[in-house]
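Below are the chains, spelled out letter by letter.
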Amino acid sequence: MTLDDLKHAQRQRLLFLDRCFTWRGVARRRDLTDRFGISTAQAANDFRAYLALITQNAPEYDAHLKAYVAARDHQPIAPASMLDVFGVLDTAAEDGLPAALPRAKRWLDPQIATALHDAISNRRRIKIAYTSMSSGETAPQWVAPTRFTFDGESIHFRAYSYKRAEYRNFHPARIEPADKYQTEEIKEPLPFDAEWYTLSTIWLRPSARLSPAQAAVVRREYGFNADLLKVEMRRALEFYFDRRWGLHEPEPRLEKVKTERVLFQNNRPSGSSVL
């Protein structure tokens, strides 16, 4: 049996158990009944299902604690985001006030998203009134959307700008809403989007301005497994990466050592460069 063999509801409960063992080191039936509102019998069944997935170093029951305790070398069965981890580490405060900062709520107009998706799906170009955040100008222009992208917080879209004669990343929120968007068939083939089809491998290290102790902290925080941290993405998304990771801040904790770029054409590498 694997996680994929389970129904969605039980899979989510087993993933929660996995996070409890990984980050708390202990789990009880009550953890499941309180969080998911299930019966004690169902919680017991979930524990049996979880233990069946563990091939080695399985948690063991501690009669004194009346709980299952993770082995010292416990290995999680699935990765978890920091938000998932916080969800099992956080304890409810008596005052009821939140212990986490509110996340920025980025809104996406469904009508604009639909118009862009339709243009992508049907290979059409679309006329939009787009507001530039650098000049403040709102001007109509034709673009040919090719893909939606996500920076971990906001949805953007990649498009060929006929006004600039180049591919750019656009933010849907900067498009002026319209009752109907004018579209046209793309008659001439679009230029090859080299930045989109270039894989960037970026190697990072703690900033040289940090003390050895500070550098060691940064390595632990970002999960370094070697001297350098390797991150891969499309070259077209590097701007968002630099911004999200704070690499352009006055005193960043990480700095780039080198960037290797490989251009792919017809799904095969066709050129490379190192910066």
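Residues numbered from 1 in each chain as written. Predicted model: local features only at pLDDT ≥ 70, side-chain atom pairs only at ≥ 80, totals over all residues. Heavy atoms only, no water.

Peer 1: It is not clear to me how the sheet that holds strand S12 (residues 268-274) should be interpreted in this structure. Could you clarify?
Peer 2: Remark on secondary structure: sheet strands pair via backbone hydrogen bonds, oriented parallel or antiparallel. Taken in spatial order, the four strands of this open sheet run S10-S9-S11-S12, and their pairing is antiparallel. The two strands at the open ends of the sheet, each matched to only one other strand, are strand S10 (229-234) and S12. For this sheet the average axis-to-axis angle between neighbouring strands, irrespective of direction, equals 25°. Against the sheet, helix H6 (residues 212-222) engages strand S9 (198-206), S10 and strand S11 (254-265), with an angle of about 140° to S9. (Pairing = 2+ DSSP bridges. Helix = DSSP H or I, 4+ residues; strand = E, 2+ residues; numbered from the N terminus. Axes fitted to C-alpha atoms, helices over the stretch in contact; angles between N-to-C directions. Contact = heavy atoms within 4.5 Å.)

Peer 1: How should I be thinking about the side chain of glutamine 141 in this particular structure?
Peer 2: Within the element layout of this structure, glutamine 141 appears in strand S5 (residues 138-150). Residue classification places glutamine 141 among the buried residues on the basis of a relative accessible area of 12%. A polar atom in the side chain of glutamine 141 sits 3.1 Å from the side chain of serine 161. Here glutamine 141 is in contact with Ile126, Lys127, Ile128, Tyr130, Ser161, Lys163 and Phe170, once residues within four sequence places are set aside. (Buried < 20%, exposed > 50% of the residue type's maximum accessible area, 1.4 Å probe, protein only. Polar contact = N/O pair within 3.5 Å; in protein donor to acceptor, adjacent residues only side chain to side chain.)

Peer 1: I would appreciate a short explanation of the pattern of salt bridges in the present structure.
Peer 2: If you walk through the whole model with that rule in mind, you get 15 salt bridges. Here aspartate 31 ties to arginine 24 by a salt bridge, and the two come within 3.2 Å at their closest N and O atoms. Measuring nitrogen to oxygen at the nearest pair gives 3.9 Å for the salt bridge that ties aspartate 34 to arginine 30. In this pair, aspartate 34 and arginine 30 both sit in helix H2 (residues 29-36), four residues apart, roughly one turn of the helix. With relative accessibility at 58%, the residue aspartate 34 sits in the exposed group. Among the charged side chains, a network of salt bridges with common partners joins Arg158, Asp193 and Glu195. (Salt bridge = Lys/Arg side-chain N within 4 Å of Asp/Glu carboxyl O.)

Peer 1: Teacher, can you tell me more about the nonpolar core here?
Peer 2: Side chains of nonpolar character tend, in soluble globular proteins, to be buried together. With 19 residues, the main nonpolar core has Leu14 and Leu32 as its most contacted residues. Those elements that place two or more of their residues in this core are helix H1 (8-24) and helix H3 (40-53). A per-element tally of this core places H1 first, with six residues. Setting aside anything within four residues of it in sequence, one finds leucine 32 in contact with Arg13, Phe16, Leu17, Gly37, Ile38, Ala43, Asp46 and Phe47. Counting 13 residues, the second largest nonpolar core, distinct from the first, contains Ile126, Phe157, Phe170 and Ile175. (Core = buried A, V, L, I, M, F, W, Y, C linked by side-chain atoms within 4.5 Å.)

Peer 1: Explanation requested: the sheet that holds strand S2 (residues 60-62) in the structure shown.
Peer 2: The three strands lie next to each other as S1-S3-S2, forming an open sheet whose pairing is antiparallel. Pairing within the sheet leaves two strands with one partner each, and these edge strands are strand S1 (26-27) and S2. Looking at chain direction, S1 and strand S3 (residues 67-69) are connected through two bridges and run antiparallel. Paired with alanine 27 across the strands is tyrosine 68, a residue of S3.

Peer 1: What am I meant to see in a nonpolar patch on the surface here?
Peer 2: Together, Trp23, Met82 and Leu89 make up a nonpolar patch on the protein surface, roughly 350 Å² of accessible area in all. Take tryptophan 23: it is sitting in helix H1. Given a relative accessible area of 41%, tryptophan 23 falls into the partly exposed group. (Patch = residues over 30% accessible without salt bridge, like charges linked within 9 Å, V, L, I, M, F, W, Y side chains within 5 Å. Areas by Shrake-Rupley, 256 points an atom, 1.4 Å probe, with all protein chains shown as cover.)

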